[in-house]
Amino acid sequence: MGIAHINHHKMASDLVWQLVRKTSSFLAKRDGCEFTREPGNATNRNSFKYSGLANPKTVSVSANKDGKIVLTRRSQKAGRKIANTTEVVPLNQHMANHSCRAAETVRALASGFRGDLANATVGRYHALQKAQKLAKSGVKKAERKRRGRKANKN
């Protein structure tokens, strides 16, 4: 049983958060910001609200190995049976009749499960959709040019 599957029936969420807050193997610190790569984190921010390790219920949107966007919900109702605790919902239909069907599905599933993460999961879905759209079109990101003294040294 790895750190990503902590049994919440024996430890309080606050205690789990205090243990993994600064010492998680998923932690990434860059430019004075703390991000995390833990599964179940809706925004990749290192905070208790979004933590996939400390909270017994998690909602996240991610791309699977095939490149498809999926919504994953996890709860601790089944206890130690990890396979029964996760629910994966594929998000296939992006736009239909001038409304974003997948975003409506994300909002409905997230708000019924954890309402405080509904906006974050919808935002994450749109970011993933936009990234996949750019990758398919073959448009490359413009390289950043040096400015100031470093640009003048060349």
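Residues numbered from 1 in each chain as written. Predicted model: local features only at pLDDT ≥ 70, side-chain atom pairs only at ≥ 80, totals over all residues. Heavy atoms only, no water.

A. Spotlight on the nonpolar core. Membership of the largest hydrophobic core comes to 16 residues, with the highest contact counts inside it found for Val61, Ile69, Leu71, Leu91, Val106 and Tyr125. Where this core is concerned, the elements lending two or more residues are β3 (58–63), β4 (69–74), α3 (101–113) and α4 (118–137). Counting residues per element, this core draws most heavily on α3, at five residues. Core analysis: the next-biggest nonpolar cluster, separate from the first, contains five residues, Val16, Trp17, Leu53 and Ala54 among them. (Core = buried A, V, L, I, M, F, W, Y, C linked by side-chain atoms within 4.5 Å. Buried < 20%, exposed > 50% of the residue type's maximum accessible area, 1.4 Å probe, protein only. Helix = DSSP H or I, 4+ residues; strand = E, 2+ residues; numbered from the N terminus.)

B. Inspection of the packing of aromatic side chains at higher detail. Throughout the structure, instances matching the rule amount to one aromatic pair. Between Trp17 and Phe48 the ring centres are 6.2 Å apart and the planes differ by 65°, which places this aromatic pair in the edge-to-face class. Of this pair, Trp17 sits in helix α1 (residues 13–20) while Phe48 sits in the loop between β2 (33–36) and β3, and the two are 31 residues apart along the sequence. Residue Phe48 is classed as partly exposed on the basis of its relative accessible area, which comes to 29%. Across the ring face of Phe113, the terminal group of Lys57 is positioned such that the distance to the ring centre comes to 5.2 Å. (Phe/Tyr/Trp six-rings, centres within 6.5 Å; stacked < 30°, edge-to-face > 60°. Lys NZ or Arg CZ within 6 Å of the ring centre and 35° of its normal.)

C. Main features of a nonpolar patch on the surface. Taken together, the side chains of Met11, Leu15 and Leu19 define a hydrophobic patch exposed on the protein surface, amounting to about 250 Å² of accessible area. Summarising the element assignment, Leu15 is placed in helix α1. (Patch = residues over 30% accessible without salt bridge, like charges linked within 9 Å, V, L, I, M, F, W, Y side chains within 5 Å. Areas by Shrake-Rupley, 256 points an atom, 1.4 Å probe, with all protein chains shown as cover. Salt bridge = Lys/Arg side-chain N within 4 Å of Asp/Glu carboxyl O.)

D. Structural view of the side chain of Arg74. Within the secondary structure layout, Arg74 lies in strand β4. For the buried Arg74, no salt bridge is present, and the opposite-charge side chain at shortest range is Glu38, 8.1 Å distant. A polar side-chain atom of Arg74 sits 2.7 Å from the main-chain carbonyl oxygen of Gly52. (Lys, Arg positive; Asp, Glu negative; His and termini not counted. Polar contact = N/O pair within 3.5 Å; in protein donor to acceptor, adjacent residues only side chain to side chain.)

E. Molecular detail of the pairing of β4. Burial within β4 is extensive, with five of its six residues counted as buried. The sheet contact formed by β3 and β4 spans six bridges and is antiparallel. Along β4, the bridge assignment pairs Ser62 with Val70. Following β3, the chain reverses through five residues before pairing antiparallel with β4; Gly67 in that reversal takes a positive phi of roughly 90°. The pairing of β4 with strand β5 (residues 86–90) spans five bridges and is antiparallel. Along β5, the bridge assignment pairs Thr72 with Val88. (Pairing = 2+ DSSP bridges.)

F. Just unusual backbone geometry, in detail. Its identity as a non-glycine residue notwithstanding, Asp31 has a phi of 50°, on the positive side. The residue Asp31 is located in the loop between β1 (27–30) and β2 in this model. If you check the backbone angles, Asn44 has positive phi at about 65° while not being a glycine. Structurally, Asn44 is set in the loop between β2 and β3. Asn44 gets classed as partly exposed once you look at its relative accessible area, which sits at 24%.

Scope: geometric values only; no functional claims are made or implied.
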